[in-house]
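Listed below are the residues making up each chain.
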Amino acid sequence: MAGPYTLAQIASQLGGRVVGDAQVLIRQVGSLERAGQGQIAFLANPKYRAKLARTGASAVVLAPDAESLTALPRIVCDNPYAYFARVSQLFNPVVRQAKGIHPSAVVSTTARISSSASIGAGCVIGDEVTIGEDSCLYPAVVVYPGCRIGARAIVHSGAVIGADGFGIAPDGGRWEKIPQAGAVVIGDDVEIGASTTIDRGAMDDTVIGDGVKLDNQVQIGHNCRIGAHTAMAGCAAVAGSAEIGSHCTIGAGALVLGHLSICDHVHVSADTVISRSIREPGTYTGMFPFDDNASWARNTALVRQLAELADRVRALEQKLKEKGGGNG
Amino acid sequence: MAGPYTLAQIASQLGGRVVGDAQVLIRQVGSLERAGQGQIAFLANPKYRAKLARTGASAVVLAPDAESLTALPRIVCDNPYAYFARVSQLFNPVVRQAKGIHPSAVVSTTARISSSASIGAGCVIGDEVTIGEDSCLYPAVVVYPGCRIGARAIVHSGAVIGADGFGIAPDGGRWEKIPQAGAVVIGDDVEIGASTTIDRGAMDDTVIGDGVKLDNQVQIGHNCRIGAHTAMAGCAAVAGSAEIGSHCTIGAGALVLGHLSICDHVHVSADTVISRSIREPGTYTGMFPFDDNASWARNTALVRQLAELADRVRALEQKLKEKGGGNG
Amino acid sequence: MAGPYTLAQIASQLGGRVVGDAQVLIRQVGSLERAGQGQIAFLANPKYRAKLARTGASAVVLAPDAESLTALPRIVCDNPYAYFARVSQLFNPVVRQAKGIHPSAVVSTTARISSSASIGAGCVIGDEVTIGEDSCLYPAVVVYPGCRIGARAIVHSGAVIGADGFGIAPDGGRWEKIPQAGAVVIGDDVEIGASTTIDRGAMDDTVIGDGVKLDNQVQIGHNCRIGAHTAMAGCAAVAGSAEIGSHCTIGAGALVLGHLSICDHVHVSADTVISRSIREPGTYTGMFPFDDNASWARNTALVRQLAELADRVRALEQKLKEKGGGNG
């Protein structure tokens, strides 16, 4: 652990404007609720303002419009959340694995691994794989032959990169396998979560853009293209040949069906199935509401009768119109 | 395989009251449908009573209110399902892995592993990890540095404990990584399924209570707290900082969104998304009903027009009220 | 890479009828959109006919009813997609792993592995496992004791076969573990995707039929039976003791609840929860429609009031009937 630092020292490294006692000594970050003496917290979301009044933190990071809400020593900046991330990096410097290839890893002699990369215990790296500088593969990652990973990647345990896509053609009641002759190409600054799987392409490559962040247990089908700086939360899945733009966010458990395309700056809510292409930036949702079990059972039975209900409303309208006509 | 035992011997070990021939010899457990000579089955759910009449089992375990439904030798007890679990344990004693650390496992010299624990082939155990007595990690489990696992844990292959949580802050079109400086703390008597992932906390720890049972491919986000004796079925997921009480059950594929809290004794049905906190015990459901494809298409199109349909019903009510007023 | 071959040579190996220049030389397969000189594409779905007119491919595979839609050299056959799969196999011969057991794999001395099988780096194969001829387990697969895999299997990295099923009985606020004494039995010609998990049975075996194809991150619960030539897309899950027929397809993220049975030739759409048994072949769907977030919020709130809305429609019908009666 690094530090401690005074508020003044933090601001001199990371920018921002100090208000109040610049000499207060900070040892670690904390949340508004739990931070105590020597810790710095942050306020990014206005709905947590009530917590600011009660915090035990020694200092806070906040935006100009919240500057006067506390008497605590504070750093005022435009993006308190990103600023907090950097303060946390300061106090929690990354101690990843040792550089180099762990002796228990199995690495093909034809793989090209940057000398500054770190390949964890039990990783298996196939033929002709390339891995860029400062990338870190935690233990038990598998990279199939021919796949390429850029610089500064972080790949968590259990991730599988480059397994065959699900390419099968029906033929007289059996399935004929379609060779998966493409690879996976991953840009720079990508993070891949634990047990996430990214399939190799059938003919072309599966492509993951620069700065993409994938949480755990994400599944990316063959020939997908994920645009730069898009983030996908846990258990999200993208079926084969779908293209997702840049700067998108895909919520936990969401599913994008195959061969669709989603433009830049689209936000898909958790558990939403995208069943047609999206051409306008915005937020899209398709989460079914939960309820206590009895209410759910009562209401849900009617989902199967919606068309009939609409017909009955139409009939009522017609009948009333006729009556109205008779009276008018 | 252990045994055989007479019914009397079983009851003397596990309790319960024998009715009928206590000397019948039992070699193994079985289901009511498939059990044959020398096997003992059980009846817990009244809806399977018809199967009791047709069973080929040599004996059955059942509750007092079902005692007179069969002439077979039987053990009468209050909880036939739990009793059956124990009978099955009797005939199928656990033969897990050999105690100790498999030579192919990679274990940090600073990890503290109980001498009665079993660490399978290919496991990777990080610095400062602790693993309690009689715990069994099957092959290919990864435990990241600093995580703690209690006594009598069963962890299945492919599970990843302590990978980084999904902490990223948007900053000018890119993502800034938030260090994940917490760990994972797992109580006693916990079972973790194959390929399940439990993320380490960002600042505080992720906490899994005593007696928690997680099925396969479950995902637990950073800073979650799962209460004691809660069980989660396959592919369930809990987003970051959610708190789930004790004695809850979470169905297959269900999703609890981030920062929510669920009280004790809540039962979430399969495929249900919990999108706000739950403060009352009970069963909650949000499963969308399936139908044949044509009916589904017809009804589902109307979900997107529900607000309009409700407006039309309101207009009809208003019109009829006016008319009624005219007549009244 | 194999070839090049003339169209005539391809047809002599794989059948079909050549129309146009049979001597055109083909080096690789490609898609209608991207194929260029020396590549052969295919047209299977009539909705892609417009792409046929614009393709840069040197030849195409198509069905008799599309034969006259292009002047390009072509192979006419009954099933262009399956034919294309075979052409792709011709130009992309499978180069899986070397036969035999990788030195880093941990294989029980009591396992019976065909000498023509290939066991990848880091695989762990338990006691009494059998693996049939020409099967290929990619790196980091775990097969628990007693499981059986047939001939020509392809198992991708991270798959876990035979972990304990989720068998727990509630007992006074705790969970009693039910021994999982069955195994997993997998037929011939099965493909299993990356990080897919198949649980061993509790008493009987979990059974995967011949020719079954499972994509990545699929979860199969204990005692399930999956019929021959059924295919399941990514992240699909089948809860314990469910039986799925032969020649079914299960879409991505779909879920089949426990103890249900699905007959042959059933097609379940993506993200659909099957909550009761299906006895008629056909296509079944239960996907909740997504919308822009504001529209979704407005419409979805009404799902929780559907029963009330139906009551109001009924009241309107009644009132109108009374009025109508008064007028009639």
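Source: prediction; values computed, not measured.

Here is what the cut-offs are and how they apply
- Residues numbered from 1 in each chain as written.
- Chains lettered and ligands numbered in written order.
- Predicted model: local features only at pLDDT ≥ 70, side-chain atom pairs only at ≥ 80, totals over all residues.
- Heavy atoms only, no water.
- Helix = DSSP H or I, 4+ residues; strand = E, 2+ residues; numbered from the N terminus.
- Rg over C-alpha atoms; globule rule 2.2 N^0.38 Å.
- Buried < 20%, exposed > 50% of the residue type's maximum accessible area, 1.4 Å probe, protein only.
- Contact = heavy atoms within 4.5 Å.
- Areas by Shrake-Rupley, 256 points an atom, 1.4 Å probe, with all protein chains shown as cover.
- Buried area = accessible area lost by both parts, 1.4 Å probe.
- Salt bridge = Lys/Arg side-chain N within 4 Å of Asp/Glu carboxyl O.
- Polar contact = N/O pair within 3.5 Å; in protein donor to acceptor, adjacent residues only side chain to side chain.
- Nonpolar A, V, L, I, M, F, W, Y, C, P; charged D, E, K, R; others polar.
- Expected span 1.5 Å × (residues − 1).
- 1 Å grid on protein atoms, 1.4 Å probe; cavity = no way out; pocket = protein on both sides within 12 Å on 5 of 7 lines; lining within 4 Å.
- Points joined across faces, edges and corners; volume = space filled by probe spheres on them.

A. Representation of the overall build of chain A. Scanning chain A from N- to C-terminus turns up five helices and 37 strands. Scaling as 2.2 N^0.38, a compact globule of 328 residues should have a C-alpha radius of gyration of about 20 Å, whereas chain A reaches 26 Å, well beyond that. Taken along the three principal axes of its C-alpha coordinates, chain A extends 85 × 60 × 35 Å. Residue burial in chain A is summarised as follows: out of 328 residues, 59% are buried. A separation threshold of at least 6 residues defines the contact pool for chain A, and within that pool the share at least 24 residues apart is 21%. Approximately 12500 Å² of chain A is accessible, and the part contributed by carbon and sulfur atoms is 51%.

B. Here's a closer look at the interface of chain A and chain B. Listed by partner, the interface residues are 70 residues for chain A and 64 residues for chain B. Around 5500 Å² of area is buried between chain A and chain B when both sides are counted, 64% of it from carbon and sulfur atoms. Taken as a group, A:Phe290, A:Arg304 and A:Leu320 account for 14% of the area that chain A buries against chain B, more than any other trio of residues on that side. On inspection of chain A and its partner chain B, the count reaches seven salt bridges. Ionic pairing is found between B:Glu176 and A:Arg86, a salt bridge with its closest N-O pair at 3.3 Å. The tally of links from chain A across to chain B stands at 25 residue pairs in polar contact (both at pLDDT 80 or more). Secondary-structure elements contributing two or more residues to the side of chain A that touches chain B are α3 (80-91), β25 (213-214), β28 (231-232), β37 (291-292), α4 (293-303) and α5 (306-327) of chain A. The dominant element in the side of chain A that touches chain B, judged by the number of residues it contributes, is α5(A), at 12 residues. For the side of chain A that touches chain B, the class distribution of residues is 31 nonpolar, 24 polar and 15 charged.

C. Representation of the side chain of C:Thr206 in the model. Looking at the element boundaries, C:Thr206 is found in strand β24 (residues 206-208). Setting aside residues up to four positions removed in sequence, C:Thr206 forms contacts with C:Ala183, C:Val184, C:Val185, C:Ile198, C:Asp199, C:Arg200, C:Gly201, C:Ile220, C:Gly221, C:His222, C:Asn223 and C:Cys224.

D. Region of the structure containing helix α3 (residues 80-91) of chain C. Residues and elements named next belong to chain C. The first and last C-alpha atoms of α3 sit 16 Å apart over 12 residues, in line with the 16 Å expected at 1.5 Å per residue. By the criterion of burial, α3 is predominantly enclosed, with nine of the 12 residues buried. Every buried residue of α3 is listed here: Pro 80, Ala 82, Tyr 83, Phe 84, Ala 85, Val 87, Ser 88, Leu 90 and Phe 91.

E. Region of interest: empty space enclosed by the protein. With the rule as written, the count across this model stands at 10 cavities of 30 Å³ or more. Its boundaries defined by the atoms lining it, the largest cavity holds a volume of some 400 Å³. Surrounding the largest cavity, 24 residues form its lining, A:Cys235, A:Gly253, B:Cys235, C:Cys235 and C:Gly253 being those nearest its centre. Considering only residue class, the lining of the largest cavity consists of 14 nonpolar, seven polar and three charged. There is about 80 Å³ of room inside the second largest cavity. A:Asp271, A:Gly286, A:Phe288, B:Asp271, B:Val273, B:Gly286, B:Phe288, C:Asp271, C:Gly286 and C:Phe288 are the residues that line the second largest cavity. Within the lining of the second largest cavity, the residues separate by chemical class into four nonpolar, three polar and three charged.

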